[in-house]
Amino acid sequence: MDERKPGQQLEKLLQLLGRLAVKPPAKLRTWQLTAVSAAVGLVVAAVAIAAAGPWDSSGQRTAERDLAASLEAGGGADHAGGAGGGAPNAAPSAPSVLAGIAGPGRSARKAPDTGGRRLADVLRPLMDDKKLGPERSGVVVDVATGKRLYGKSSGRALTPASTTKIATAVAALSALGPDHRLTTKTVIRGDSRDSRDVVLVGGGDPTLTARGEGRYVAESASLRELADDTAKALKKRGADQDVSLSYDTSRYSGPPQHPIGPNENIAPVSALMADEGRLDDSSSGPAARTAEPARDAAHNFANLLRERGIGLKADPKSGKAPEKAVELARTRSQPMSALVERMLTHSDNDIAEALARETAVAGGEPASFDGAARAVRARLDKLGLPLDGARFADGSGLDRDDRLSAKLLAALLKHAAGPGRPELRSAVTGLPVAGFTGTLVNRYPDASAGTGVVRAKTGTLTGVNSLAGTVVDPRGRLLAFAFMTTGTTDPQGAQSALDAMASALAGRDD
């Protein structure tokens, strides 16, 4: 969680705006502060591409634990409080802050066309930094034109760590659409008015919450509200006593435990869980997890029903709802676009594995690790993305058997940022903003050219570091980049080297 106080955050923002020659308002409220910080990265990209062409709008293990925890800051678009589903809300507006951006009545700053040679000269010594591992690759692509501006071993498939989540995001958005929501419901067996056999049916929503307050509670599906509506429905039927309760997790199949084993970065994957199986009050980052998230969620639900006057015969047991069961009540997640943003901003492994399995459900595959891997690959192949050497062992990037190339990561981002795939947009708007949100909140110093301009997904495992995202250069071009390295022995040094490469893109005029 960001420990800086609002005054400190405001001071940092004002320093950034001053550096960019933008005069900020005399007084900013909290929501305005958030809007401007996000807009510095996102909206500038939108303005830039409007000039260049049409455009509408970590897995972590030990090394990334602190970074993954950040970080209660939100994504790039605001979904809170909305009653309806849909694509991400429009990003907050902000003044143009790049002198090189052209617009109506303006001319772009003259920049030499060097075919990427100068950029290569800048990136070459950074890519040769000894802090990086023996295997390293990178690519930079102009989103508007598709032109590759830089490449080094870009087709080599390496361990991607949490940048795998970019692939998961694009696959899920493509398969399900940005408006899709995950539904948790209660049903009653049989159509008899005397039936008292209630089933809590998991719908694959790891963000379902049993909490009464806290981060994300207001906008998430609520177990409490589901209990309210279920109790009302049972009382209306006159079936509120001697009730039996079971819970159905059959939507997902296969082993629930991630191959890395019990771990504070991820709970066992289940179609039914509350608050990601966390045993504390956190909403992101590593935390102690329950070994049986479905059972715990069901017991929590049973207690909520009792508080509302429902008499249960016994504690809930695992079971399966019949196909012709009658629905009592339901609660729905935020739209897929918001879930993707939350997953990317906080590098949320639980959401990532759920979205991979939901991609499997949509593709007719078993909702297991293996089925999800096949479904994600099939969906990306359908989009025409370069999959040579790619391997999807999971949806989160915690599995070291994952393999992606820098070329694929950049292509995923180009697809998500381009004008032809608006349904994929939250795969870009959810990327952390350098120096401000998510897993990049503490990685960029105030003086860095990338601060507030670079948006990127981090990836870190022991010996593995990667960074993939977008940046606007001084010429006004939106660039997609991916830098990967394996065999690193200095994780902090490797992260700094990757950040320097992204910042170099923000400062180059090639």
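Quick note: structure is the one above.
This one's a predicted model, so the numbers in the text were calculated from it and none came from an experiment. (Residues numbered from 1 in each chain as written. Predicted model: local features only at pLDDT ≥ 70, side-chain atom pairs only at ≥ 80, totals over all residues. Heavy atoms only, no water.)

(A) Up close: the packing of aromatic side chains. In total, this model carries 1 aromatic pair according to the counting rule given. Ring centres of Phe-481 and Phe-483 lie 5.5 Å apart, and the angle between their planes is 25°; on these two criteria the pair is classed as stacked. In this pair, the class of Phe-481 matches that of Phe-483, namely buried. Geometry around Tyr-216 places Arg-215 over its ring, the cationic atom sitting 4.5 Å from the centre. Its end group placed over the ring of Tyr-252, Arg-357 keeps NZ or CZ at 5.9 Å from the ring centre. (Phe/Tyr/Trp six-rings, centres within 6.5 Å; stacked < 30°, edge-to-face > 60°. Buried < 20%, exposed > 50% of the residue type's maximum accessible area, 1.4 Å probe, protein only. Lys NZ or Arg CZ within 6 Å of the ring centre and 35° of its normal.)

(B) Seen up close, the pairing of strand 12 (residues 478–486). Burial analysis of strand 12 places 9 of its 9 residues in the buried class, the great majority of the element. Going residue by residue along strand 12, you find Leu-478, Ala-480, Ala-482, Met-484 and Thr-486 tucked away on one face and Leu-479, Phe-481, Phe-483 and Thr-485 tucked away on the opposite face as well. Judged from the 8 bridges that link them, strand 1 (residues 135–142) and strand 12 form a sheet pairing that is antiparallel. Paired with Val-141 across the bridge in strand 12 is Ala-480. Two strands pair when backbone bridges link them, and strand 11 (residues 464–472) and strand 12 are joined in this way by 9 bridges, in the antiparallel orientation. Paired with Val-471 across the bridge in strand 12 is Leu-479. In this structure, the hairpin formed by strand 11 and strand 12 is closed by a connection of 5 residues, where Gly-476 is found at a positive phi of approximately 95°. (Helix = DSSP H or I, 4+ residues; strand = E, 2+ residues; numbered from the N terminus. Pairing = 2+ DSSP bridges.)

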